[in-house]
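The chain contents come next:
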Amino acid sequence: EAGVTQSPTHLIKTRGQQATLRCSPISGHTSVYWYQQALGLGLQFLLWYDEGEERNRGNFPPRFSGRQFPNYSSELNVNALELEDSALYLCASSLGEQFFGPGTRLTVL
Amino acid sequence: LAKTTQPISMDSYEGQEVNITCSHNNIATNDYITWYQQFPSQGPRFIIQGYKTKVTNEVASLFIPADRKSSTLSLPRVSLSDTAVYYCLVGDRTNAGKSTFGDGTTLTVKP
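Residues numbered from 1 in each chain as written. Chains lettered and ligands numbered in written order. Predicted model: local features only at pLDDT ≥ 70, side-chain atom pairs only at ≥ 80, totals over all residues. Heavy atoms only, no water.

Trainee: I tried to follow the overall build of chain B on my own but got confused; where do I start?
Mentor: When you go through chain B residue by residue, the secondary structure sums to 0 helices and 10 strands. Of the regular secondary structure in chain B, the N- to C-terminal order runs β-β-β-β-β-β-β-β-β-β. The C-alpha atoms of chain B give 13 Å as radius of gyration, which agrees with the globular expectation for 111 residues (13 Å, within 12%). Taken along the three principal axes of its C-alpha coordinates, chain B extends 40 × 30 × 25 Å. By sequence separation, contacts in chain B at least 24 residues apart represent 56% of the contacts at least 6 residues apart. Carbon together with sulfur atoms contributes 50% to the accessible area of chain B, which is approximately 5,500 Å² in total. When the 10 positive and 9 negative side-chain charges of chain B are each reduced to one mean point, those points stand 6 Å apart. (Helix = DSSP H or I, 4+ residues; strand = E, 2+ residues; numbered from the N terminus. Rg over C-alpha atoms; globule rule 2.2 N^0.38 Å. Contact = heavy atoms within 4.5 Å. Areas by Shrake-Rupley, 256 points an atom, 1.4 Å probe, with all protein chains shown as cover. Lys, Arg positive; Asp, Glu negative; His and termini not counted. Charge placed at Lys NZ, Arg CZ, Asp CG, Glu CD.)

Shown next as structure tokens:
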């Protein structure tokens with residue numbers, strides 16, 4: 001069974017640009033979670049989607065947004081990129097415990 | 001939200017048993033305790049989950065006392081490949097927004 005997949009693996013942007021990150025959950029999982037992990041730090045909860053709806057969001061500004069598609073895949077969009085947005089962005093899907101993808105390394109120059 | 005506290009780092013030697021404790025004094029009735037392992041630049045990998053008493057699987061054991069205010073991840077006979085960061089997650093199984101990851105414990109296994 002395929003695990004959670006994320007694309008792209010790496011993404012390089014400049015300040016002010018927009019970034020779009022994608023996640024495909026494990027087949028049968030309807031919940032998708034997004035986390036930000038800055039270098040050397042822990043995981044910070046960003047967003048939770050379930051059945052196409054945003055169910056909860058962490059303490060992040062509105063320029064972090066996303067959506068979940070009918071096939072339960074998800075996009076994370078980060079607008080007006082800032083240098084401090086450079087981080088590993090992790091997606092997890094869940095039916096109980098969370099299973100994580102490999103992450104997208106976003107670098108903002 | 002339950003606040004979690006873990007040791008920042010631990011050292012061990014190959015073949016030893018390692019116990020990592022996570023404190024979560026204000027754990028809620030519906031909260032589960034989950035442990036993850038993370039290698040650099042990879043997503044966390046699920047290790048074990050429990051609600052109370054003891055849970056054991058093929059890679060680890062999880063001990064949870066009756067008051068559930070702490071939990072201990074036990075790794076039997078560690079090897080060099082177990083060098084990683086270990087995270088404790090406490091919260092609602094179906095709502096990550098009501099879950100709290102600890103800051104992680106960096107385990108270094110030496111030969």
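Trainee: Where do I start with the state of the cysteines in this structure?
Mentor: By definition, a disulfide links the sulfur atoms of two cysteine residues through a covalent bond. Residue and element names in this part refer to chain A. On inspection of all chains with the given rule, the structure shows 2 disulfides over all chains. Note on cysteine connectivity: Cys 23 is disulfide-linked to Cys 91, with sulfurs 1.8 Å apart. A torsion of -55° about the S-S bond marks the disulfide between Cys 23 and Cys 91 as left-handed. With a gap of 68 residues between them, Cys 23 in strand β3 (residues 19–24) and Cys 91 in strand β9 (residues 87–94) connect regions that are remote in the sequence. Each member of the pair, Cys 23 as well as Cys 91, carries the same accessibility label: buried. (Disulfide = S-S within 2.5 Å. Buried < 20%, exposed > 50% of the residue type's maximum accessible area, 1.4 Å probe, protein only.)

Trainee: I'm lost on the interface of chain A and chain B in this one. Help?
Mentor: How large an interface is tends to be reported as the accessible area lost when its parts come together. Counting from both sides, the interface comprises 20 residues of chain A and, opposite them, 17 residues of chain B. Summing both partners gives a buried area of about 1,500 Å² for chain A against chain B, and 54% of it is carried by carbon and sulfur. Counting the surface chain A buries against chain B, the share from its top three residues, Leu 43, Glu 97 and Phe 100 of chain A, is 30%. For the interface between chain A and chain B, the tally reads 0 salt bridges. Of the residues contributing to the side of chain A that touches chain B, the split by class is 11 nonpolar, 7 polar and 2 charged. (Buried area = accessible area lost by both parts, 1.4 Å probe. Salt bridge = Lys/Arg side-chain N within 4 Å of Asp/Glu carboxyl O. Nonpolar A, V, L, I, M, F, W, Y, C, P; charged D, E, K, R; others polar.)

Trainee: Looking at this model, I keep getting lost on the nonpolar core. Mind explaining?
Mentor: If you look at soluble globular proteins, the nonpolar side chains tend to sit buried side by side. Residue and element names in this part refer to chain A. Grouped together as the largest cluster of nonpolar side chains are 21 residues, with contacts concentrated most on Leu 21, Trp 34, Leu 46, Leu 76, Tyr 89 and Leu 106. Taken together, the elements giving at least two residues each to this core come down to β3, β4 (31–37), β5 (44–50), β8 (74–78), β9 and β11 (104–108). Setting aside residues up to four positions removed in sequence, Leu 21 forms contacts with Ser 7, Leu 11, Trp 34, Ser 74, Glu 75, Leu 76, Tyr 89 and Thr 104. (Core = buried A, V, L, I, M, F, W, Y, C linked by side-chain atoms within 4.5 Å.)

Trainee: Please clarify how the sheet that holds strand β6 (residues 61–64) of chain B should be interpreted in this entry.
Mentor: In sheet architecture, strand pairing relies on hydrogen bonds along the backbone and comes in two forms, parallel and antiparallel. All names here are of chain B. Taken together, 4 strands build an open sheet; the order of strands is β2-β7-β6-β5 and the sheet is antiparallel. Single-partner strands in this sheet number two, and they are β2 (18–23) and β5 (53–56). For this sheet, the mean inter-axis angle between neighbouring strands, taken without regard to orientation, is 15°. Two strands pair when backbone bridges link them, and β5 and β6 are joined in this way by 4 bridges, in the antiparallel orientation. Note that in β6 the partner of Thr 56 across the bridge is Ser 61. (Pairing = 2+ DSSP bridges. Axes fitted to C-alpha atoms, helices over the stretch in contact; angles between N-to-C directions.)

Trainee: Quick question: what am I supposed to make of the side chain of Gln 98 of chain A here?
Mentor: All names here are of chain A. Examined against the element boundaries, Gln 98 turns out to sit in strand β10 (residues 98–100). Accessibility expressed as a relative area gives 4% for Gln 98, which makes it buried. Of note is the side chain of Gln 98, whose polar atom sits 2.8 Å from the side chain of Tyr 35. (Polar contact = N/O pair within 3.5 Å; in protein donor to acceptor, adjacent residues only side chain to side chain.)

Trainee: What am I meant to see in the packing of aromatic side chains here?
Mentor: For any pair of aromatic rings, geometry is given as the distance between the ring centres together with the angle between the planes. Under the counting rule described, the total for this entry stands at 8 aromatic pairs over all chains. Measuring from centroid to centroid gives 5.8 Å for Tyr 33 of chain A and Trp 48 of chain A, while their planes differ by 10°, and the two rings are stacked. Taken together, the residues Tyr 33 of chain A in strand β4 and Trp 48 of chain A in strand β5 connect sequence positions 15 residues apart. When sorted by exposure, Tyr 33 of chain A lands in the same class as Trp 48 of chain A, which is buried. Taken together, a centroid distance of 6.1 Å and an interplanar angle of 80° make the contact between Tyr 36 of chain B and Phe 46 of chain B edge-to-face. (Phe/Tyr/Trp six-rings, centres within 6.5 Å; stacked < 30°, edge-to-face > 60°.)

Keep in mind that these numbers describe shape and distance, not what the molecule does.
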